[in-house]
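Listed below are the residues making up each chain.
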Amino acid sequence: GEKASGLIEDANGSIEELSGSLQRVAGENYGDYNITLGTLGNANYEIRFTSAKFSILRKALYAYIADENLTKVYDGKTPSISAYTLYESRDSGATEYTAQNVSDLITFSFDGGSKNFGVYRVNVSINSNNYSIALYNQDGYAYSIERRVIAITESEYYDIPNNLEYKGSAYNFY
């Protein structure tokens, strides 16, 4: 017999059609999903289907932190960042990303994890396979904890003999 490929015209001059549809494995999360022949067919044809994959990629997000949210005065507490904006790219004019509940998945941490005076590099992570997260500023952000200024007046000094050290407890001023 003759070897042929492709659809042919029917008696009316119309191209015969396949009916049905390809299908893919169900899923809406990041990953690859197999595409199958599904119900696609025509009784007059042998269909040789080459399998394929449908890929759902991670949504890339970039966390922008304004300068005013990157500093605090020492208060004895571990710092946190709660004010930030998510963008879909690092391009100027990038679209702000406002999907619900995504901010609940984001965690900021600091190199050294200290609550003391100093400058700490900011790190960001996201607890979801459907997103990737990076800092908007490619050079990163630095969180600064400034020294708390306290004023002690002369009237608060007590008679401490020379060369002796004060051995009292620290006090946080708020």
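Residues numbered from 1 in each chain as written. Predicted model: local features only at pLDDT ≥ 70, side-chain atom pairs only at ≥ 80, totals over all residues. Heavy atoms only, no water.

J.: Provide a residue-level description of the nonpolar core, including the pertinent values.
T.: Nonpolar side chains in soluble globular proteins tend to end up buried together. Formed by 21 residues in total, the largest nonpolar core has its most connected members in Phe108 and Val122. Element by element, the count of residues in this core is highest for strand β8 (residues 118–126), at 4 residues. In contact with Phe108, other than residues within four places in its own chain, are Ala63, Ile65, Ile81, Tyr84, Val122, Asn123, Val124 and Leu135. (Core = buried A, V, L, I, M, F, W, Y, C linked by side-chain atoms within 4.5 Å. Buried < 20%, exposed > 50% of the residue type's maximum accessible area, 1.4 Å probe, protein only. Helix = DSSP H or I, 4+ residues; strand = E, 2+ residues; numbered from the N terminus. Contact = heavy atoms within 4.5 Å.)

J.: Can you break down the sheet that holds strand β6 (residues 85–87) residue by residue, with the values?
T.: Within a sheet, each strand pairs with its neighbour through backbone hydrogen bonds, oriented either parallel or antiparallel. One open sheet accounts for 3 strands, arranged β6-β4-β9; its pairing is mixed. The two strands at the open ends of the sheet, each matched to only one other strand, are β6 and β9 (131–135). In this sheet, neighbouring strand axes are inclined to one another by 30° on average, regardless of whether the strands run parallel or antiparallel. Where strand β4 (residues 59–64) lies against β9, 5 bridges are found, and the strand directions are parallel. Along β9, the bridge assignment pairs Lys59 with Tyr131. (Pairing = 2+ DSSP bridges. Axes fitted to C-alpha atoms, helices over the stretch in contact; angles between N-to-C directions.)

J.: Describe the sheet that holds β8, with residues and values.
T.: Pairing within the open sheet is mixed, and its 4 strands lie in the order β5-β10-β8-β7. Two strands bound the open sheet, and with one partner strand each, they are β5 (71–73) and β7 (106–110). In this sheet, neighbouring strand axes are inclined to one another by 30° on average, regardless of whether the strands run parallel or antiparallel. Alignment of β7 against β8, held across 5 bridges, turns out to be antiparallel. From the neighbouring strand, Ile106 faces β8, where its bridge partner is Ile126.

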